[in-house]
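Descriptive structure summary
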Amino acid sequence: SPVPPWPPAAWVHLLETVSPALTPLPSAPLQDIRNTVGNIPMEWYQDFPHIGYNLEGKKIYKPIRNKDELDMFLEKMENPDYWRTVQDKMTGADIKLTDEQVDLVHRLQKGQFGDVHFNPYEPAVDFFTHEVMIHPVTNRPADKRSFIPSLIEKEKVSKLVHAIKMGWIKPRKPKDDTPTYYDLWAHEDPNSILGRHKMHVPAPKMKLPGHEESYNPPPEYLLSEEEKLAWEQQEPAERKLNFVPQQYRCLRAVPAYSRFIHERFERCLDLYLCPRQRKMRVNVDPEDLIPKLPKPRDLQPFPTTQALVYRGHTSLVRCLSISPSGQWLVSGSDDCTVRFWEVCTARCMKTVPVGGVVKSVAWNPNPTICLVAICVDQSVLLVNPCLGDKLLYGATDQLLESYVAPEEERVQPVQWATATMEEHSKGVRLVVQHSKAVKQVTWHGKGDYFASVVSDNSNMQVLIHQTSKRWSQNPFRKSKGLVQCVLFHPIRPYFFVATQRYVRVYNLLKQELTKKLMTNCKWVSSMAIHPGGDNIICGSYDSKLAWFDLDLSTRPYQLLRHHKKALRSVAFHKHYPLFASGSDDGTVIVCHGMVYNDLLQNPLLVPVKVLKGHVMTLDLGVLDVLFHPTQPWVFSSGADGTVRLYT
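Since this is a predicted model, take the numbers as computed values, not measurements.

What follows covers the overall build of the protein chain. Of the regular secondary structure elements, the protein chain holds 9 helices and 33 strands. The C-alpha radius of gyration of the protein chain comes to 54 Å, more than 25% above the 26 Å expected for a compact globule of 647 residues. C-alpha atoms of the protein chain, sized along the principal axes, occupy 145 × 125 × 70 Å. Counting all 647 residues of the protein chain, 34% fall into the buried class. A separation threshold of at least 6 residues defines the contact pool for the protein chain, and within that pool the share at least 24 residues apart is 49%. Roughly 43100 Å² of accessible area belongs to the protein chain as shown, and the carbon and sulfur atoms make up 56% of that amount. In the protein chain, which carries 77 positive and 69 negative side-chain charges, the distance between the mean positions of the two groups comes to 8 Å.

In structure tokens, the structure reads:
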């Protein structure tokens with residue numbers, strides 16, 4: 001027997017609706033268990049043990065089903081009534097269809113009527129006959145609305161008429177079937193004769209024949225045997241003439257020109273293979289291409305002339321620093337001494353022998369403390385120069401002596417040692433002993449912390465020290481490259497670390513990397529930060545100076561290539577819009593660098609003066625530059641052993 005193609009539940013539903021008068025289903029028990037949940041999705045009862053409620057409100061439980069796929073297959077094979085068994089969705093019970101129900105399904109599948117006794121072909125009763133009768137079928141009087149014009153329609157029509165009159169509704173235009181043609185040159189210039197040939201360039205005319213093309217040329221135009229041989233050996237493109245001049249006694253003796261068709265053909269090729277184009281040349285004044293920069297005299301004050309030379313060092317002077325008051329200058333040299341100078345008189349006030357090459361010096365920026373940090377070999381010396389106000393340097397000594405050591409020793413990357421009696425007499429107060437050679441030292445703006453850079457490849461390259469607590473720490477877990485120099489931000493808790501190619505900006509409070517600046521240089525040598533804190537400059541050994549706007553980008557805002565040789569040092573002025581760079585070419589270039597409060601306006605960078613004076617020694621020129629804290633003066637130290645002041 002064929003298996004019905006519909007799902008079994010559909011057949012049950014159909015049989016219940018079509019054949020309610022059929023006999024009760026055999027599998028159903030005698031009591032009435034009709035499900036009273038109504039026409040709802042039976043999936044809602046999927047997770048419950050019951051499937052609904054009967055007329056008395058008691059649960060109708062689902063029949064126990066523990067048949068797996070194999071049992072189902074065996075039942076399909078063995079049960080002869082399997083094909084006529086369907087599941088009732090409402091009760092969950094299996095129902096075996098009777099013969100009458102199967103017969104009903106078959107009839108419905110064939111598209112026949114459900115009832116066996118229904119005859120679809122009974123003779124039709126002609127209620128409304130074709131013969132006209134005396135009496136009408138209905139004698140209802142006609143409606144009044146069937147012969148009176150409609151008021152609603154009248155109102156609608158009047159509204160449409162009003163809309164057409166007001167132009168709100170446009171009646172359909174009649175379609176114009178006439179074909180349209182377009183004038184391609186309607187928008188051409190009517191004044192020009194060749195409107196569409198405005199860019200027409202006439203072909204270059206051929207060179208007119210000269211004396212050498214005559215049938216009887218003068219004898220100087222005729223080629224000798226050697227010249228004829230040389231002409232034949234030349235490439236056709238290299239020949240001055242593409243024919244050999246010949247002499248005939250009369251015009252009648254001249255034969256037909258053998259290359260006539262070739263030359264005509266080549267001329268035609270030239271005309272159509274070499275398109276002619278009119279080039280619109282822009283006449284630009286070269287002066288307009290140069291940016292308009294203000295004149296240097298409008299940007300004064302800036303240092304212009306050499307005022308003083310500080311002589312005394314016997315070897316190259318590597319580093320400079322100045323007191324916050326601007327009265328004293330300190331210089332470190334390869335002659336193993338540190339000299340303190342009075343700025344205004346160039347008088348050497350004090351010489352401190354330190355027993356090693358001085359790589360870096362830094363005067364404490366706090367005006368209430370008189371202390372200088374000096375890098376010598378593997379240690380940083382904190383020196384009180386005892387210059388100027390006695391109360392000031394006396395208070396500095398008292399501050400250092402008031403230190404109380406902590407009860408338990410802390411592990412530190414360096415050793416803090418108090419100076420010996422001999423060192424104390426020279427002015428040395430504290431010695432910070434490092435494991436490797438120290439190459440740079442720089443103070444924080446408050447004057448308590450200072451950072452040192454060690455010549456090392458490990459993560460111990462940069463160390464930060466606190467003077468008041470004599471405590472040092474290593475801020476970095478791993479090395480990010482060879483550190484060249486470091487700087488503290490003048491206002492915010494940022495720390496700048498310059499490696500060979502990059503400058504990394506760290507936030508000291510959050511202890512995270514904030515920015516990584518790409519310098520576009522091969523090897524960074526020095527770095528300086530604008531007193532506003534939003535711009536920095538980097539000098540490099542490949543003679544570039546990169547200006548960074550920290551708010552703008554991580555790439556340089558401008559790269560200046562003013563120097564011929566490597567840059568050794570760069571510096572910003574604290575109050576004036578000036579910055580300077582010193583180079584191995586022996587010059588100091590002072591530039592005007594104006595940073596505007598308006599964030600939309602870019603900084604103005606103008607080179608204003610090249611300062612010369614240092615003598616080149618051992619291929620080295622200027623090693624350090626430094627601005628005076630209050631005056632527009634610049635100091636420079638050179639390999640010639642001198643320090644020079646330009647005012």
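Attention now moves to the nonpolar core. It is characteristic of soluble globular proteins that their nonpolar side chains tend to be buried jointly. In this structure, Val338, Phe340, Val358, Ile374 and Leu381 are the most contacted members of the largest nonpolar core, which totals 21 residues. Among the secondary structure elements, those contributing two or more residues to this core are β7 (328-333), β8 (337-342), β10 (358-363), β11 (372-376), β12 (379-383) and β14 (428-433). Setting aside residues no more than four positions away along its own chain, Leu381 makes contact with Val354, Val372, Ala373, Ile374, Val376, Val428, Leu430 and Val431.

Time to look at the pairing of strand β23 (residues 524-529). Taking burial as the measure, the 6 residues of β23 include 6 buried ones, the bulk of the element. Looking at chain direction, β23 and strand β24 (residues 535-540) are connected through 5 bridges and run antiparallel. When the bridges of β24 are listed, Val524 appears paired with Ser540. Taking the residues between adjacent antiparallel strands as the criterion, β23 and β24 are bridged by 5 residues, where Gly533 takes a positive phi near 90°.

Turning next to the pattern of salt bridges. Note on pairing: side chains with opposite charge can pair once their charged atoms come close. Considering all chains together, one arrives at 14 salt bridges under this definition. Residues Arg568 and Asp584 are paired through a salt bridge, measuring 3.0 Å at the closest nitrogen-oxygen approach. Here Arg568 is found in strand β27 (residues 567-572), whereas its partner Asp584 is found in the loop between β28 (578-583) and β29 (587-594), with 16 residues between them in sequence. In this structure, a network of salt bridges that share partners links the residues Arg140, Asp143 and Arg145.

The strand order β5-β33-β32-β31 describes an open sheet built from 4 strands, whose pairing is antiparallel. The open sheet has two edge strands with one neighbour each: β5 (306-310) and β31 (622-627). This sheet shows a mean twist of 20° between the axes of neighbouring strands, independent of strand direction. Where β31 lies against strand β32 (residues 634-638), 5 bridges are found, and the strand directions are antiparallel. Pairing of Leu626 across the sheet is with Phe635, part of β32.

With that settled, consider the UniProt feature "repeat: WD" (unreviewed entry) in the protein chain. UniProt annotation of "repeat: WD" (unreviewed entry) refers to residues 310-351 and 560-590 when read in the numbering used here. Counted over residues 310-351, helix gives 0% and strand 57%. Its end C-alpha atoms are 13 Å apart. Between the C-alpha atoms that bound residues 560-590 there is a distance of 12 Å. The span itself is 0% helix and 55% strand.

The next thing to look at is the sheet that holds β28. Sheet architecture is open: 4 strands sit in the order β27-β28-β29-β30, paired in antiparallel fashion. Edge strands, defined here as strands with exactly one partner in the open sheet, are β27 and β30 (604-612). Taking the axes of each pair of neighbouring strands and ignoring which way they run, one obtains an average angle of 20° across the sheet. Pairing of β27 with β28 involves 5 bridges; the strand directions are antiparallel. Bridge assignment links Phe572 to a residue of β28, and that residue is Phe579.

Another aspect to go through is the pairing of strand β15 (residues 438-443). Working note: regular strand, side chains alternate between the two faces of the sheet. Counting buried positions over the 6 residues of β15 gives 5, a clear majority of the element. Counting the residues between successive antiparallel strands, the hairpin from β15 to strand β16 (residues 449-454) contains 5 residues, one of them, Gly447, with a positive phi of roughly 95°.

Right, let's get into helix α3 (residues 99-109). Turning to α3, its buried residues number three or more, namely Gln101, Val102, Leu104, Val105 and Arg107. Count one or two residues on from α3 and you reach Gly111, which has phi positive near 85°.

With that settled, the discussion passes to the environment of Asp183. By secondary structure assignment, the location of Asp183 is in the loop between α4 (151-166) and α5 (225-233). In sequence terms Asp183 and Pro556 are 373 residues apart; their C-alpha atoms lie 57 Å from each other.

To continue, consider a nonpolar patch on the surface. There is a patch of nonpolar side chains on the surface, built from Leu160, Ile164, Met166, Trp168 and Ile169 and spanning about 530 Å² of accessible area. Among the structural elements, Met166 can be located in helix α4. Look at Met166 and you get partly exposed, because its relative accessible area is 47%.

The full count for this structure, using the stated rule, is 13 aromatic pairs. Note on Trp443 and Phe450: the rings are 5.1 Å apart at their centroids and 55° apart in plane angle, and the pair reads as tilted. Taken as a pair, Trp443 and Phe450 share a single burial class, namely buried. Here a set of aromatic residues connected by ring pairs shows up, and it is made of Tyr310, Trp341 and Phe635. The residue whose ring lies beneath Arg410 is Trp471, and the NZ or CZ to ring-centre distance is 4.2 Å. A cation over an aromatic ring shows up here: Lys516 above the ring of Tyr502, its NZ or CZ 4.2 Å from the ring centre.

Bringing unusual backbone geometry into the picture now. Here the residue pair Gln300 and Pro301 is connected by a cis peptide bond, since its omega of 5° sits within 30 degrees of zero. Inspection of the secondary structure puts Pro301 in the loop between α7 (286-289) and β5. At Ala346, a residue that is not glycine, the phi angle is positive and equals roughly 65°. Along the chain, Ala346 falls in the loop between β8 and β9 (347-353). Residue classification places Ala346 among the buried residues on the basis of a relative accessible area of 18%. A positive phi angle, close to 55°, is found at Cys386, a residue other than glycine. By the element assignment, Cys386 lies in the loop between β12 and α8 (390-401). Among the residues examined, Cys386 registers a relative accessible area of 29% and is labelled partly exposed.

Turning to a positive patch on the surface, a few remarks are in order. Residues Arg477, Lys478, Lys480 and Lys516 make up a contiguous surface patch of positive charge. In this structure, Lys478 sits in the loop between β18 (471-473) and β19 (485-488). Since its relative accessible area comes to 58%, Lys478 is described here as exposed.

Here the focus is the side chain of Thr337. Note on placement: Thr337 falls in strand β8. Those residues in contact with Thr337 that sit more than four places away from it in its chain are His313, Ser331, Gly332, Thr351, Val352, Pro353, Val354 and Val358.

Calculation notes
- Residues numbered from 1 in each chain as written.
- Predicted model: local features only at pLDDT ≥ 70, side-chain atom pairs only at ≥ 80, totals over all residues.
- Heavy atoms only, no water.
- Helix = DSSP H or I, 4+ residues; strand = E, 2+ residues; numbered from the N terminus.
- Rg over C-alpha atoms; globule rule 2.2 N^0.38 Å.
- Buried < 20%, exposed > 50% of the residue type's maximum accessible area, 1.4 Å probe, protein only.
- Contact = heavy atoms within 4.5 Å.
- Areas by Shrake-Rupley, 256 points an atom, 1.4 Å probe, with all protein chains shown as cover.
- Lys, Arg positive; Asp, Glu negative; His and termini not counted.
- Charge placed at Lys NZ, Arg CZ, Asp CG, Glu CD.
- Core = buried A, V, L, I, M, F, W, Y, C linked by side-chain atoms within 4.5 Å.
- Pairing = 2+ DSSP bridges.
- Salt bridge = Lys/Arg side-chain N within 4 Å of Asp/Glu carboxyl O.
- Axes fitted to C-alpha atoms, helices over the stretch in contact; angles between N-to-C directions.
- UniProt positions renumbered as here; feature names shortened; annotations may be inferred.
- Patch = residues over 30% accessible without salt bridge, like charges linked within 9 Å, V, L, I, M, F, W, Y side chains within 5 Å.
- Phe/Tyr/Trp six-rings, centres within 6.5 Å; stacked < 30°, edge-to-face > 60°.
- Lys NZ or Arg CZ within 6 Å of the ring centre and 35° of its normal.

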